[in-house]
Amino acid sequence: MVNTSLIYIEKDSSYLMLHRVKKQNDYNKDKWIGIGGKFENAESPEDCVIREVREETGLELNPDKLEYRGIVTFICDDENEPDGLFTEFMHLFWTDSFSGKMIASDDCDEGSLEWVPKTKLKELPHWKGDEIFLDLIERKTPFFSLKLVYEKGELIKVILNGKEIIF
């Protein structure tokens, strides 16, 4: 089980996205995702996302303007886990308040950074479940709990606030 934080930083109807192309054996290889990563010892979800944004982009987030939008529970099959399942709790944030100068896209250790118009996101390689939580963010849905179950990389079940939904 792992805890992560992820943020969608918005500017001019675009999100700052990370194209995961640099790490070997990356579960997110070739996918476009928001900015974030794993908790370090003693971090809160907010601490984690602020640090990850600084490390991956060079930008500074305004802690007073972070919007904690929801928690996403990912379940996926993993032969390396004792019970065959991997669980991740991802704390999901949104903001349009940041400062500083972004590093050059190629200087990010995780992949390439790019401002992507929100209308183009579905055209890029991504996880199917991302469409669901991005829609919840866009609709300004109050804090939500979303469970996404994947099998062999395919989304097979979606549960929003305790109720299974058809996707």
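Note that this is a predicted model, so its numbers are computed, not measured.

**Let's talk about the overall build of the protein chain**
Each helix and strand counted, the protein chain has two helices and twelve strands in total. Helices and strands in the protein chain line up, N terminus first, as β-β-β-β-α-β-β-β-β-β-α-β-β-β. Considering only C-alpha atoms, the protein chain reaches an extent of 45 × 35 × 35 Å along its principal axes. Within the protein chain, buried positions represent 47% of all 167 residues. At a minimum sequence separation of 6, the contacts of the protein chain that also span at least 24 residues come to 61%. Considering the protein chain, the positive charge centre built from 22 side chains and the negative charge centre built from 34 side chains are found 4 Å apart.

**Topic: helix 2 (residues 128-138)**
For helix 2, the complete set of buried residues consists of Gly-129, Asp-130, Ile-132, Phe-133, Leu-134, Leu-136 and Ile-137. Just beyond helix 2, the residue with positive phi is Lys-140, at close to 55°.

**So, the state of the cysteines**
Taken as a whole, this structure holds zero disulfides when the rule is applied. Here Cys-48 stays unpaired: no disulfide links it, and the sulfur of Cys-108, its closest cysteine neighbor, is 14 Å away.

**Notes on the nonpolar core**
The biggest cluster of nonpolar side chains holds 26 residues, and the ones touching the most others in it are Tyr-8, Val-72, Leu-92, Phe-133, Leu-146 and Leu-148. Among the secondary structure elements, those contributing two or more residues to this core are strand 1 (2-11), strand 2 (14-19), strand 6 (67-77), strand 7 (85-95), helix 2, strand 10 (144-151) and strand 11 (154-160). Residues contacting Tyr-8, with those up to four places away along its chain left out, are Tyr-15, Met-17, Ile-33, Gly-34, Leu-92, Phe-93, Trp-94, Thr-95, Asp-130, Phe-133, Leu-134 and Ile-137. Of all hydrophobic cores here, the second largest spans 15 residues; its members include Leu-18, Ile-50, Leu-61 and Phe-93.

**Comments concerning the pattern of salt bridges**
Under the criterion given, the structure shown has eleven salt bridges. Across the salt bridge formed by Glu-67 and Arg-69, the nearest N and O atoms sit 2.7 Å from each other. For Arg-69, a relative accessible area of 6% gives the class buried. Taking the shortest distance from any N to any O, the salt bridge between Asp-135 and Arg-139 comes out at 2.8 Å.

**Side note on the packing of aromatic side chains**
Following the criterion strictly, the structure yields seven aromatic pairs and no others. Each ring, one from Tyr-68 and one from Phe-143, has its centre 5.1 Å from the other, and the planes form 85°; the classification is edge-to-face. Of this pair, Tyr-68 sits in strand 6 while Phe-143 is found in the loop between helix 2 and strand 10, placing the two residues 75 residues apart along the sequence. A connected cluster of aromatic rings, assembled from ring pairs, spans Tyr-8, Tyr-15 and Phe-133. Directly above the ring of Trp-127 sits Lys-31, whose terminal nitrogen or CZ lies 4.4 Å from the centroid.

**Description of helix 1 (residues 45-57)**
The periodicity of an α-helix, 3.6 residues per turn, causes residues three or four positions apart to be oriented the same way. With 13 residues, helix 1 should cover 18 Å at 1.5 Å per step; its first-to-last C-alpha distance of 18 Å lies within 8% of that length. For helix 1, the complete set of buried residues consists of Pro-45, Cys-48, Val-49, Ile-50, Arg-51, Glu-52, Val-53, Glu-56 and Thr-57. Once helix 1 finishes, Gly-58 follows within two positions and takes phi at roughly 85°, a positive value.

**Description of unusual backbone geometry**
Here the phi dihedral of Ser-13 falls at roughly 60°; this positive angle occurs in a residue that is not glycine. Relative to the helices and strands, Ser-13 resides in the loop between strand 1 and strand 2. Classification of Ser-13 by relative accessible area gives partly exposed; the value is 49%. Of note, the phi angle at Lys-140 is positive, near 55°, even though the residue is not glycine. Structurally, Lys-140 is set in the loop between helix 2 and strand 10. Look at Lys-140 and you get exposed, because its relative accessible area is 57%.

Conventions and cut-offs
- Residues numbered from 1 in each chain as written.
- Predicted model: local features only at pLDDT ≥ 70, side-chain atom pairs only at ≥ 80, totals over all residues.
- Heavy atoms only, no water.
- Helix = DSSP H or I, 4+ residues; strand = E, 2+ residues; numbered from the N terminus.
- Buried < 20%, exposed > 50% of the residue type's maximum accessible area, 1.4 Å probe, protein only.
- Contact = heavy atoms within 4.5 Å.
- Lys, Arg positive; Asp, Glu negative; His and termini not counted.
- Charge placed at Lys NZ, Arg CZ, Asp CG, Glu CD.
- Disulfide = S-S within 2.5 Å.
- Core = buried A, V, L, I, M, F, W, Y, C linked by side-chain atoms within 4.5 Å.
- Salt bridge = Lys/Arg side-chain N within 4 Å of Asp/Glu carboxyl O.
- Phe/Tyr/Trp six-rings, centres within 6.5 Å; stacked < 30°, edge-to-face > 60°.
- Lys NZ or Arg CZ within 6 Å of the ring centre and 35° of its normal.
- Expected span 1.5 Å × (residues − 1).

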